[in-house]
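Tertiary structure, described
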Amino acid sequence: MKFTTVAAQGRQLTCLANKGLQTVGRYRSRPYSQNFGSLSRSRPLVSLGSKDEEANNKKQQARNLTSISEQLLKRSIDSVVVDLAVDDRLTWLPQPRFDLEFRHARSSKTQEELLEDVSDVDPFALVDEDVKKLNFNIKDLLGSDHPVLSTVANYFFSQEGGKKIRPMLVILFARAADAHVLEEKRIQARNDAEALQRLKDSRHAANVSTDDLESLKDSVVEVEKDALIEQRQLRLAEITEMIHTASLLHDDVIDVADTRRGVKSVNQMFGNKLAILAGDFLLARASVCLARLRSLEVVEVLSTVIEHLVKGEVMQMKSDMKGPEAFEYYLRKNYYKTGSLIANSVLASTMLGNHSSEVQEIAFEYGDAIGQAFQLVDDALDFEGSLESLGKPALNDLKLGFATAPVLFAQDEYPTLRKMIERKFSYPDDVDKAAEFVHKSKSITQTRELALAYVERAINSAKKLHPSPERDALIHLAFKIVNRTK
């Protein structure tokens, strides 16, 4: 993977958008990139007093309002592409891969083969104490002069539910990267010591002192001290969880959700306004904590994540893709809504550890693949699970009009699904029929196989690091993510 400019990604998305996002209301036939200019209302017709003319005037005004609404939506989608196309030389980020052919990928190795030479370690047990402190620390960070706002913002952090996968990944990768660098230093120190010993035994022995060998041992001890996880990386894990929770609060308002993690959603408990304000408050506190890390690169990376969350939601709301590109669009949307936070928070942990670009690239590759696997399994569970197992209603995506991987795979076997996807499952029996087609097809198996292929990609990235309990925990955690049933 290469670290590419944001402009490259913008050009890719522009091409994608030109093919599929050009259909919005009455602008269906216009090029997607066309600039609509300023929004303006048509001049209302002058009423001449008759009932027919008055009715026509009202219809015209309604059409004008609809037109303005369409233009606003169109321009908001335009910004998703245009913003990415801005070539800022100071802006850089590693970019995910959206290989269209990869949707047919299957893992080339069994789980046993992938776990060969990997120690048996429980990732949850390894960071259990850190995760227990996480909720307490976040609630402390969310202290507010306004008791209602504080109560709403703390609602999720007072529940026992939630896997805390994102902060776990940040902590584990930070420690795995430190262990990797420590081993690199040890190898280098051993090689240097052996070279000095050979030199001492040679005719140049008079120029080499025993102190030179001892200084190498001291340098290894110093590396061990530096390899301990810094408090800033733990704070990054807390920031990651706050950003994630804020996105859930906003998503539940948009999706009109009733439950989350097996309990009433915040919008159901406190209303939409307080749910939105609580999400904004979480993002604000996360931003303050982020600034206090005193790392411009990390601030840029995590700020981009927040931007991606919004763009992903817009992409999900307005998806008119057809054919093979629909799957690429789906994977890109998954990256924005789920993968970006995972990949870039793991990347940020290595930045705070002052690791090399090679280690940072490994971090991003691992996080990107884990993010895609996580969302694919989530989308499969939407058809397999129940309210009790998922903590939210089953078939929720279909009811909201979203076509996820199981549906996109199933349409190859049942072309009837394509019409349902186009109308966003809006007919009375569409949801039940689509679910029936999915269960009859091999699509859920295909979705899980693709998730496993992403897990294999993540494991291959993790194995580029030297062995350590934390590195092996990352590998086991990848399997726990893909094998989960809730």
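Because the structure is predicted, anything quoted here is derived from the model rather than measured. (Residues numbered from 1 in each chain as written. Predicted model: local features only at pLDDT ≥ 70, side-chain atom pairs only at ≥ 80, totals over all residues. Heavy atoms only, no water.)

All right, on to the environment of V455 then. Locating V455 in the fold gives a position in helix α20 (residues 443-462). Separated by 348 residues in sequence, V455 and S107 place their C-alpha atoms 8.3 Å apart. Once residues lying within four places of it in the same chain are set aside, the contact partners of V455 are A373, A478, F479 and V482. (Helix = DSSP H or I, 4+ residues; strand = E, 2+ residues; numbered from the N terminus. Contact = heavy atoms within 4.5 Å.)

Another point: unusual backbone geometry. Positioned with a positive phi, D117 is a non-glycine residue whose angle comes to about 65°. Its location among the elements puts D117 in the loop between α3 (111-114) and α4 (123-126). D117 gets classed as exposed once you look at its relative accessible area, which sits at 72%. Phi at R294 takes a positive value of approximately 60°, unusual for a residue other than glycine. By relative accessible area, which is 66% here, R294 ends up exposed. (Buried < 20%, exposed > 50% of the residue type's maximum accessible area, 1.4 Å probe, protein only.)

Once that is clear, we can look at the packing of helix α9 (residues 231-254) against helix α13 (residues 325-352). At a closest axis distance of 10 Å, the pairing of α9 and α13 adopts a crossing angle of 165°. Judged by the angle between their axes, α9 and α13 are roughly antiparallel. Note that α9 runs across α13; the crossing there is right-handed. Touching R232, Q233, L236, T240, I243, H244 and D251 of α9 are K337, L341, S345, A348, S349 and L352, all from α13. For the contact of α9 with α13, the residue count by class is five nonpolar, five polar and three charged. (Axes fitted to C-alpha atoms, helices over the stretch in contact; angles between N-to-C directions. Parallel < 35°, antiparallel > 145°, perpendicular 65-115°, else oblique. Left-handed = near helix turned anticlockwise from the far one by under 90°. Nonpolar A, V, L, I, M, F, W, Y, C, P; charged D, E, K, R; others polar.)

What follows deals with a negative patch on the surface. The grouping of E112, E113, E116 and D117 at the surface amounts to a negative patch. With respect to the helices, strands and loops of the structure, E113 is situated in helix α3. (Patch = residues over 30% accessible without salt bridge, like charges linked within 9 Å, V, L, I, M, F, W, Y side chains within 5 Å. Areas by Shrake-Rupley, 256 points an atom, 1.4 Å probe, with all protein chains shown as cover. Salt bridge = Lys/Arg side-chain N within 4 Å of Asp/Glu carboxyl O. Lys, Arg positive; Asp, Glu negative; His and termini not counted. Charge placed at Lys NZ, Arg CZ, Asp CG, Glu CD.)

In this section: the nonpolar core. In this structure, L169, F173, M242, V298, L302, Y366 and L398 are the most contacted members of the largest nonpolar core, which totals 117 residues. The element best represented in this core is α13, accounting for 15 residues. Those residues in contact with L169 that sit more than four places away from it in its chain are I342, V346, Y366, I370, L474 and L477. (Core = buried A, V, L, I, M, F, W, Y, C linked by side-chain atoms within 4.5 Å.)

Taken as a whole, this structure holds seven aromatic pairs when the rule is applied. Measuring from ring centre to ring centre gives 5.8 Å for F173 and Y366, while their planes differ by 45°; the resulting arrangement is tilted. Residue F173 is found in helix α7 (residues 165-201), and its partner Y366 is found in helix α14 (residues 357-384); the two are separated by 193 residues along the sequence. In this structure, F173 and Y366 share a single accessibility class: buried. Note on Y335 and F364: the rings are 6.4 Å apart at their centroids and 65° apart in plane angle, and the pair reads as edge-to-face. Here the residue Y335 occupies a position in helix α13, and F364 occupies one in helix α14, the gap between them amounting to 29 residues. Comparing Y335 with F364, the two get one shared label, buried. Here the aromatic residues F327, Y330 and F409 are joined through ring pairs into a cluster of three or more. When the ring centre of F374 is taken as reference, the NZ or CZ atom of R166 above it lies at 5.2 Å. Above the ring of F374, the side-chain terminus of R484 is found at 4.1 Å from the ring centroid. (Phe/Tyr/Trp six-rings, centres within 6.5 Å; stacked < 30°, edge-to-face > 60°. Lys NZ or Arg CZ within 6 Å of the ring centre and 35° of its normal.)

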